[in-house]
Structure formats: C-alpha cells, structure tokens
Amino acid sequence: MIHSFDALILGGGAAGLMCAIEAGQRGRRVAVLERADRLGKKILISGGGRCNFTNLHCRPEDFLSANPHFAKSALARYTPADFIALVEKHRIPYHAKTLGQLFCDRSARDILGMLESECADARVSIFPSTNILKVSREDEFVVHTAEAEFRAPALIVATGGLSIPKIGATSFGYDLARQFGLKIRDPWPGLVPLVLNTDDRSSYCDLAGVSTDVIASCDGQEFREKMLITHRGLSGPAILQISSYWKKPQTIQIDLAPGRDVITAFRDPATPRNLTALRTEFRKILPSRLADRWLDANPPSAWTNQALADLERQTHAWTITPSGTEGYEKAEVTAGGVDTDELSAKTMESRKVRGLYFIGEVVDVTGHLGGFNFQWAWASGAAAGRAL
Ligand SMILES: Cc1cc2nc3c(=O)[nH]c(=O)nc-3n(C[C@H](O)[C@H](O)[C@H](O)COP(=O)(O)OP(=O)(O)OC[C@H]3O[C@@H](n4cnc5c(N)ncnc54)[C@H](O)[C@@H]3O)c2cc1C
C-alpha cells in the first residue's frame, strides 16, 4: 500500500507532535510515524510525571551547542509564552516551581492529551507501532515499512536521542543524518548522575540520600543547586546540570558552603581550636553526617590560621574526578547530535538535502535542567512546521 502526504514526521515525541500541529494547521497533509505503540512516552515520564513543560526564564545561554547562536532564532519565534497560551487554551492547571520551571498540577498526561487533541484538530494522521525499514529519496522521500510505503516531498526527523533505551531510544536519527551525508557531533549523555572514583565512593557513598546546597563547576560553567549523594556517586540538580559540561578525565569543583564562611568562629580567641568545635561549625552548614565525613577525610593539617584558611578554601573547592556517568540508561538528554552547521536556523531544513529537516533532541542543541529541553522541542518543531 502507498500513502502520500505533504510531510512525513518520523517520531511522535514532543518535537514531532509540535511540528505536526503547526504544519497541519496550515493545511498540510501530515503523517507522524511512531515506532512505539503510543505517542509521547517520554513526555509521560518527564518531570517526575508532572512534565516541566517550559521555563519562564528561557535564554539562549541555557543551551549547549557547538554553535551557541543557532537556537536563538527558533527560540525567539516560539517562546514559553506561546506554549503557555496553548496550555491555558486547554485549561490545564499548572504551577511555577523554583527558577521559573512550570509543571502540570495534575499529570504529564495533560500535556500529551493536549498535543494529541491539537493533532486531531489539525487532521494529522498518526501511525503508531510503525517499524521503519528503510528511507530513500527518489523524486520525493520514501519511507518503507513492513506493511506500506509512505511518500512525501518533506521528511522531518524527530526521533530524539539515545537517552533511556528502555523506552525505545535508538540511534535512528543519527544514522539517517549520516545516510544523507550530514555531519554528527559525537553524542554524550547529559543531565546524568556521576559515578565517583573508588576512593571517593568508599568515603561517601554510604551517605546515599544526604543532600546539600552547593555550587558545582566545570569547564567555565557553574550551577548553584542541590547535590545528592547516591549509592555510586553524586546526583541532584547541581550535579545533573554540570554533568552536561563534563568530559572524562576532567575534574569537577564543588563548593560545599556557597557564600558561607566556615571558620569565622575561630577568629574569636575564645573558640577552642579542636575537632569538636570544628565539627560544630561544619554542622551549621552541612548535614551532620556529611560534615563529619568531610572532616574525617579532610582534617586540618594544623590549628594555625593558615591551616584553617586552607581548610576553608578546600571546603569551597572540593575537587572530584568522576570515574564516569550513569550513562544513557539514566541520562535525561543526549548532548551532541546533528551538527547545526548542516541546518537552517530558521527552518531546521538541511542545507544539503532539500526537504529534509531535523528537530528536537536529535539536533546538537541541549538544554539545561528546568524545562529547557521541551522548550527547544516545541520551538524547533514549530520552526520546521511553519516552513512546510
Ligand atoms: C526521565 C526524563 C525526564 C525528563 N523530564 C523533562 C522535563 O521535565 N522537562 C524538560 O524540558 N525535559 C525533560 N526531559 C527531556 C525531554 O523529555 C526531551 O528532551 C524531549 O522529549 C525531546 O523531544 P524529542 O521529540 O526530540 O524526542 P523524544 O521525546 O525522545 O521523541 C522521539 C520519538 O521518536 C520515536 N522514535 C525513535 N526511533 C524511532 C524510529 N526509528 N521510528 C519511529 N519513531 C521513532 C520515539 O519512540 C519517540 O516517541 C526528560 C527526559 C527524561 C528521560
């Protein structure tokens, strides 16, 4: 059987559905081909089930890319306010959490339901459980599946990255880009917990569950948020954020007492200079178990002013050398991807292959934690959808 459309969108996740809605609303006959048995599985598990669907303070600086300017145009033309307007049109209750992050009050199902209903209104044809065998290009694009052949002059690749293989992530998008001669920036797991080296693991990991406010920094970037100790290393928002910038064998600096002075009390001659007093001061700033453990591992070399000042410095720059990350199984995003030099920043169309578009996470644009990855999916999807 042969199906003919104006545009074929591969992947029914956040970016693919937004693209389908925009193109469908403009009268294009659009098909979404989705490998899974249902659309938007990642939307459903996002934000702890409540989908952090955008961020009020979205700026180009919240994205990593080999070309930091690439995302600006799409982000300016489809803003958080545009997506919020859609959410409000569907009367979906939501709330703002810290740092401008917007979440559903009820469930991520509300966002997926909204996208599905917009697709239905725009007469988008959805083909779930579609196993794509081959893509070729004759006078138009041809997508071969076991049962049928789909044809269209435009092909939009929205198949996401490599994160969370157990819900169906594959290298399909990168493979297709290579097939058509487009360059790929090597992907790596982003927003992912870090695994500590053996020594640090044996020193700290029995404190799994303990969390504290830190500044984590690496490669000229820093994030002030919570850090969480895990059974194998470190996680929590500060660590997830910095993980996107970390590459083995770099080190990461962690300020365990941001904006605080730990040894002030010892400037008073009345304060005894001993471990008990020092523990008391550290426990005012860090959770007690972490304070004690930190001091066990990093006792002052002496009780001189100089040694205490050194300890203060060390506390603001705990240097760790992670042995790795928890990998794509736990990564919230895949950084790297289709090289932005290959694409038009306005439409996401390939510069080399007319009618071929890449949108969403498969592109080398990766957001920080906090709703930015969905905002990129909406914005890049809308950019392509409006160009079809
Ligand atoms: C646990 C978790 C929580 C997250 N929470 C948030 C959050 O709260 N806020 C935020 O901004 N970001 C969050 N993210 C990131 C966000 O989900 C992604 O960046 C976003 O979904 C990317 O959208 P996409 O459409 O490019 O890809 P995806 O949403 O991954 O969609 C790709 C689609 O393509 C389909 N597909 C794959 N291969 C094929 C193929 N060969 N043929 C046909 N279809 C195929 C997939 O099944 C999938 O439906 C989270 C990610 C994870 C893993």
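Just above sits the structure.
Here the structure is a predicted model, which means the values were calculated and not measured.

Asker: I'd like a description of the site of the ligand, backed by residues and values.
Answerer: Every one of the 29 residues lining the ligand counts as a neighbour, but A15, E34, N52, E361 and F374 are closest to it. A14 has a polar backbone atom sitting 3.1 Å from an oxygen atom of the ligand. Take N52: an N or O atom from its main chain is 2.9 Å from a nitrogen atom of the ligand. Bound to the protein, the ligand loses 92% of the 1000 Å² it would expose on its own. Ranked by the residues each element gives to the shell around the ligand, the list is headed by helix α12 (residues 372-387), at 4 residues. Across the shell around the ligand, the residue classes tally to 12 nonpolar, 12 polar and 5 charged.

Asker: For the nonpolar core, give the residues involved together with the corresponding values.
Answerer: In terms of nonpolar packing, the biggest core is built from 83 residues, with F83, I111, F358 and W376 touching the most fellow members. For this core, the leading source of residues is α12, giving 9 residues. In this view, I111 contacts I43, C51, F53, F83, V87, I92, C104 and W378; residues no more than four positions away in its chain are not counted. The next biggest cluster of nonpolar side chains, apart from the first, holds 39 residues, and it includes W246, I252, V262 and L286.

Asker: Describe α12, with residues and values.
Answerer: The first and last C-alpha atoms of α12 sit 23 Å apart over 16 residues, in line with the 22 Å expected at 1.5 Å per residue. Judged by how many residues are buried, α12 sits mostly within the fold: 14 of 16 residues are covered.

Asker: Give me the lowdown on the environment of W378, citing residues and values where you can.
Answerer: On the secondary structure map, W378 appears in helix α12. For the pair W378 and M18, spaced 360 residues apart in sequence, the C-alpha separation works out to 5.8 Å. Beyond its immediate sequence surroundings of up to four residues, W378 is in contact with A14, M18, F53, Y78, F83, I111 and L115.

Asker: Any chance you could break down empty space enclosed by the protein for me, citing the residues and the numbers?
Answerer: This model, assessed by the stated rule, comprises 1 cavity of 30 Å³ or more. In this model, the largest cavity occupies a volume close to 50 Å³. Considering the residues around the largest cavity, the lining is formed by P60, F63, S65, N67, P68, A71 and V365. A per-class count over the lining of the largest cavity returns 5 nonpolar, 2 polar and no charged.

Calculation criteria
Residues numbered from 1 in each chain as written. Predicted model: local features only at pLDDT ≥ 70, side-chain atom pairs only at ≥ 80, totals over all residues. Heavy atoms only, no water. Near = heavy atom within 4 Å. Polar contact = N/O pair within 3.5 Å; in protein donor to acceptor, adjacent residues only side chain to side chain. Areas by Shrake-Rupley, 256 points an atom, 1.4 Å probe, with all protein chains shown as cover. Helix = DSSP H or I, 4+ residues; strand = E, 2+ residues; numbered from the N terminus. Nonpolar A, V, L, I, M, F, W, Y, C, P; charged D, E, K, R; others polar. Core = buried A, V, L, I, M, F, W, Y, C linked by side-chain atoms within 4.5 Å. Buried < 20%, exposed > 50% of the residue type's maximum accessible area, 1.4 Å probe, protein only. Contact = heavy atoms within 4.5 Å. Expected span 1.5 Å × (residues − 1). 1 Å grid on protein atoms, 1.4 Å probe; cavity = no way out; pocket = protein on both sides within 12 Å on 5 of 7 lines; lining within 4 Å. Points joined across faces, edges and corners; volume = space filled by probe spheres on them.

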